[in-house]
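Notes for the structure review
Chain by chain, the residues:
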Amino acid sequence: GGATPGEAGTAVSPDGTTAALVRWLRDRFDERVDDATTALVEARGAFPESEFTIEWQWACLTRHNTSGGAGLHCTPGAPRPEHVLADVVARRRILDAYGWAVRDVEHSTDAGDPRATALNLGRMLAYDDAVRCVGAAYADHPGYRQEWRP
């Protein structure tokens, strides 16, 4: 298989940091999927073969380590796990679009097509801004770098 979109093209990244941001965001998205999936599994396990609909008044946000164990921190009004999963899908599509735009710049540059390169570069820069805006939502998360700000 080929490279995952968003991992290719570090050479043409506007300042060399967006590819690292994309990798970092993919890890954060994986964490969100794990937490949302765990919440769904736990809720369904609590009510096996129930005729009741699960209403999310408390939704799980993040994992916490407590005394060497793992637990879930739940907060009222937090997004439903299904919404978290749909949000991650949408955000991953933005990262993928950035990766494809980077690849298009590389291909048009390699082909010596300055007009296509200019068009593709403009599209890549727009997606670069979008990726940085997505990343800004995680600015208070450990590991977020200030140079990733939009």
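Along each chain, numbering runs from 1 in the same order as the chain's sequence is written. At least 70 in pLDDT is required for a residue's local features to be given in this predicted model, at least 80 for side-chain atom pairs to be given and counted, and no such filter applies to totals for whole chains, interfaces and linings, which use all residues. Heavy atoms throughout the structure, all of them, feed into the side-chain values; hydrogens and water do not.

Topic: the overall build of the protein
The condition that has to hold: What counts as a helix is a DSSP run of H or I of at least four residues, what counts as a strand is a run of E of at least two, and both are numbered from the N terminus. Each residue is placed in one exposure class: buried if its accessible area under a 1.4 Å probe, protein chains only, is under 20% of its type's maximum, exposed if it is over 50%, and partly exposed if it falls in between. Whether two residues are in contact is decided by their heavy atoms: any pair within 4.5 Å suffices. All accessibility values rest on the Shrake-Rupley procedure with a 1.4 Å probe; residue burial counts only the protein chains present in the view.
Check the secondary structure of the protein and you find 3 helices and 2 strands. Helices and strands appear in the protein in the N-to-C order α-β-β-α-α. Burial analysis of the protein (150 residues in total) assigns 31% to the buried set. Within the protein, residue pairs in contact and separated by at least 24 positions form 61% of the contacts whose partners lie at least 6 positions apart. If you sum the accessible surface of the protein, you get close to 9,000 Å²; carbon and sulfur atoms cover 54% of it.

Notes on the environment of His107
Mapped onto the elements of the fold, His107 is located in helix H2 (residues 81–110). Under the relative-accessibility criterion, His107 is labelled partly exposed at 47%. Spatially, the C-alpha atom of His107 lies 9.6 Å from that of Asn120, the residues being 13 residues apart in sequence.

A few points about the pattern of salt bridges
So the rule is basically this: A pair is scored as a salt bridge if a Lys or Arg side-chain nitrogen falls within 4 Å of a carboxyl oxygen belonging to Asp or Glu.
Here the structure, examined in full by the defined rule, presents 8 salt bridges. Asp87 is the partner of Arg32 in a salt bridge, and the nearest nitrogen-oxygen pair spans 2.8 Å. With Arg32 in helix H1 (residues 18–46) and Asp87 in helix H2, this residue pair connects regions lying 55 residues apart in the sequence. For Asp87, a relative accessible area of 26% puts it in the partly exposed group. Between Arg91 and Asp87 there is a salt bridge, with the nearest N and O atoms lying 2.7 Å from each other. Of this pair, Arg91 and Asp87 both sit in helix H2, 4 residues apart, which is roughly one turn of the helix.

Some remarks on the packing of H2 against helix H3 (residues 114–136)
In plain terms, the rule: Note on geometry: axes are C-alpha line fits, over the in-contact stretch for helices, and angles between N-to-C directions span 0 to 180 degrees. Roughly parallel means an angle under 35 degrees; roughly antiparallel, over 145; roughly perpendicular, 65 to 115; everything else is oblique. Two helices cross in a left-handed way if the nearer one is turned anticlockwise from the farther one by less than a right angle. They cross in a right-handed way if the turn is clockwise. Think of it as three bins: nonpolar holds Ala, Val, Leu, Ile, Met, Phe, Trp, Tyr, Cys and Pro, charged holds Asp, Glu, Lys and Arg, and polar takes everything else, Gly as well.
In contact at an axis separation of 8 Å, H2 and H3 are set at 155° when each is read in the N-to-C sense. By the angle between their axes, H2 is roughly antiparallel relative to H3. Crossing handedness for the pair H2 and H3: left-handed. The segment H2 lies against H3, with Arg91, Ile94, Leu95, Ala97, Tyr98, Trp100, Ala101, Val102, Asp104, Val105, Ser108 and Thr109 engaging Ala116, Thr117, Asn120, Leu121, Arg123, Met124, Tyr127, Asp128, Ala130, Val131 and Val134. Here the residues of the contact of H2 with H3 are counted per class, giving 15 nonpolar, 4 polar and 4 charged.

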